[in-house]
Amino acid sequence: MSFNLKDIISIRDFSKSDVEYILDLAEEMEPIAKSEKVSHVKDGKLLGVMFYEPSTRTRLSFETAMKRLGGDVVGFNQKQGTSVQKGEVLYDTAQIVSQYADAIVLRHDMEGAARFISDNVDVPVINAGDGAGQHPSQTLLDLYTIKRTFGGLKNKKIAIVGDLKYGRTVHSLVYALAMFNCEIIFISPEQLQMPSEILDDLKRLKCKFTIKSSFIDNIEDVDVIYMTRIQKERFPDPKEYLKVKGQYTLTKNNMINTDAILMHPLPRVDEINFDVDSLDNAMYFKQAFYGVPVRMALLDSII
């Protein structure tokens with residue numbers, strides 16, 4: 001297999017073989033990510049990070065991935081202290097960073113920002129989240145977590161819970177799950193259901209899904225429970241956020257009747273109790289680690 005994408009903007013740009021290539025390469029990268037081996041394949045290369053929104057796991061794992069490959073990182077993780085505060089537009093900032101670095105990782109609050117930049121700079125661009133749009137590298141590490149746990153991805157049954165309207169991680173994930181004939185249960189408040197255009201796409205892709213609002217009684221017979229937080233920062237009206245805040249909370253007692261693995265893109269707020277952390281099927285911290293080998297595979301493939 002080979003990988004031919006220049007930019008990583010949307011999971012919809014990936015073929016099934018592209019996904020499989022990255023996941024296979026990530027497995028080869030895992031010993032390097034764990035410091036069991038050392039790599040110099042990107043010696044002398046620089047990754048430019050442009051983070052206009054807060055990030056912990058995505059930013060640090062991309063930086064870790066580049067350094068594990070022997071490269072280095074330049075850039076910023078907040079608008080403060082940059083020329084953005086002076087009014088510099090995204091286009092100009094990206095042009096400058098592209099003069100310094102061999103690839104750009106961009107997180108921005110505007111949907112479509114990464115695609116716009118990839119069309120206007122000469123170096124590869126990775127979308128690290130664009131508003132409520134896409135988050136393709138998160139999707140790939142989610143798939144990698146499922147694959148490493150079960151040995152494969154096909155025909156899994158997955159409950160996706162929480163903020164499905166604004167959650168860019170799940171907007172990307174569902175398209176990838178459809179590639180592997182997975183069945184999806186969408187569990188959310190009515191106000192936060194998966195956008196209709198995505199549901200229409202899933203129908204065209206012949207992906208089997210159901211829509212539920214009740215929580216505990218719909219997670220017993222699944223392979224994966226994928227929790228998401230209610231994203232306060234995406235709500236135009238704070239009163240609407242308060243109506244749905246805390247509707248779904250998973251506790252250790254809730255997990256007794258299921259063998260499903262529990263995943264979460266993090267950060268969590270109140271949707272997973274801390275008593276769940278000790279369970280063997282709580283995978284979210286390992287899931288976060290898997291972001292390193294997956295992002296190593298992406299960087300190795302496009303730089």
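Keep in mind it's a predicted model, so treat the numbers as computed, not measured.

(A) Spatial organisation of the side chain of serine 10. With respect to the element layout, serine 10 can be found in the segment before helix H1 (16-33). For serine 10, a relative accessible area of 8% translates into the label buried.

(B) Seen up close, the sheet that holds strand S2 (residues 72-76). Sheet architecture is open: four strands sit in the order S2-S1-S3-S4, paired in parallel fashion. This sheet does not close on itself; its edge strands, each paired only once, are S2 and strand S4 (125-130). Along the sheet, successive strands turn relative to each other by an average axial angle of 15°, direction set aside. Examined bridge by bridge, strand S1 (residues 46-51) and S2 share five bridges and lie parallel to one another. From the neighbouring strand, leucine 46 faces S2, where its bridge partner is aspartate 72.

(C) Quick peek at the nonpolar core. Counting 64 residues, the largest nonpolar core has Phe14, Leu47, Ile160, Val174 and Phe186 as its most contacted members. Not counting residues up to four positions away in its chain, the partners in contact with valine 174 are Ile160, Ile184, Phe186, Met194, Ile198 and Leu202. One finds Ile185, Phe215, Met255 and Leu266 within the second-largest nonpolar core, a separate group that totals 20 residues.

(D) Summary view of unusual backbone geometry. Between leucine 266 and the following residue, proline 267, the backbone shows a cis peptide bond with an omega angle of 5°. In this structure, proline 267 sits in the loop between strand S9 (261-263) and helix H9 (284-302). Even without being glycine, serine 35 reaches a positive phi, approximately 70°. Residue placement: serine 35 occurs in the loop between H1 and S1. Located in the positive-phi region is asparagine 181, a residue other than glycine, with phi close to 60°. As for its placement among the helices and strands, asparagine 181 is situated in the loop between helix H6 (168-179) and strand S6 (183-187).

(E) Main features of the packing of helix H5 (residues 136-150) against H9. For the pair H5 and H9, interaxial distance at closest approach is 8 Å and the crossing angle is 115°. When the axes of H5 and H9 are compared, the crossing they make is right-handed. Residues Ser137, Gln138, Leu140, Leu141, Asp142, Tyr144, Thr145 and Arg148 of H5 pack against Gln287, Tyr290, Gly291, Pro293, Val294, Arg295 and Leu298 of H9. Classifying every residue of the contact of H5 with H9 gives seven nonpolar, five polar and three charged.

(F) Structural detail: a nonpolar patch on the surface. Taken together, the side chains of Val74, Ile96 and Tyr100 define a hydrophobic patch exposed on the protein surface, amounting to about 290 Å² of accessible area. The residue valine 74 is located in strand S2 in this model.

(G) Molecular detail of the pairing of S1. The element S1 is extensively covered by neighbouring structure, given that five of its six residues are classed as buried. Handedness of the S1-helix H2 (residues 57-68)-S2 crossover: right-handed. Bridge count between S1 and strand S3 (residues 103-108): five bridges; the pairing is parallel. Counterpart to phenylalanine 51 in the pairing with S3 is arginine 107.

Criteria and cut-off values
Residues numbered from 1 in each chain as written. Predicted model: local features only at pLDDT ≥ 70, side-chain atom pairs only at ≥ 80, totals over all residues. Heavy atoms only, no water. Helix = DSSP H or I, 4+ residues; strand = E, 2+ residues; numbered from the N terminus. Buried < 20%, exposed > 50% of the residue type's maximum accessible area, 1.4 Å probe, protein only. Pairing = 2+ DSSP bridges. Axes fitted to C-alpha atoms, helices over the stretch in contact; angles between N-to-C directions. Core = buried A, V, L, I, M, F, W, Y, C linked by side-chain atoms within 4.5 Å. Contact = heavy atoms within 4.5 Å. Left-handed = near helix turned anticlockwise from the far one by under 90°. Nonpolar A, V, L, I, M, F, W, Y, C, P; charged D, E, K, R; others polar. Patch = residues over 30% accessible without salt bridge, like charges linked within 9 Å, V, L, I, M, F, W, Y side chains within 5 Å. Areas by Shrake-Rupley, 256 points an atom, 1.4 Å probe, with all protein chains shown as cover. Salt bridge = Lys/Arg side-chain N within 4 Å of Asp/Glu carboxyl O. Right-handed = clockwise from strand over helix to strand, strands pointing away.

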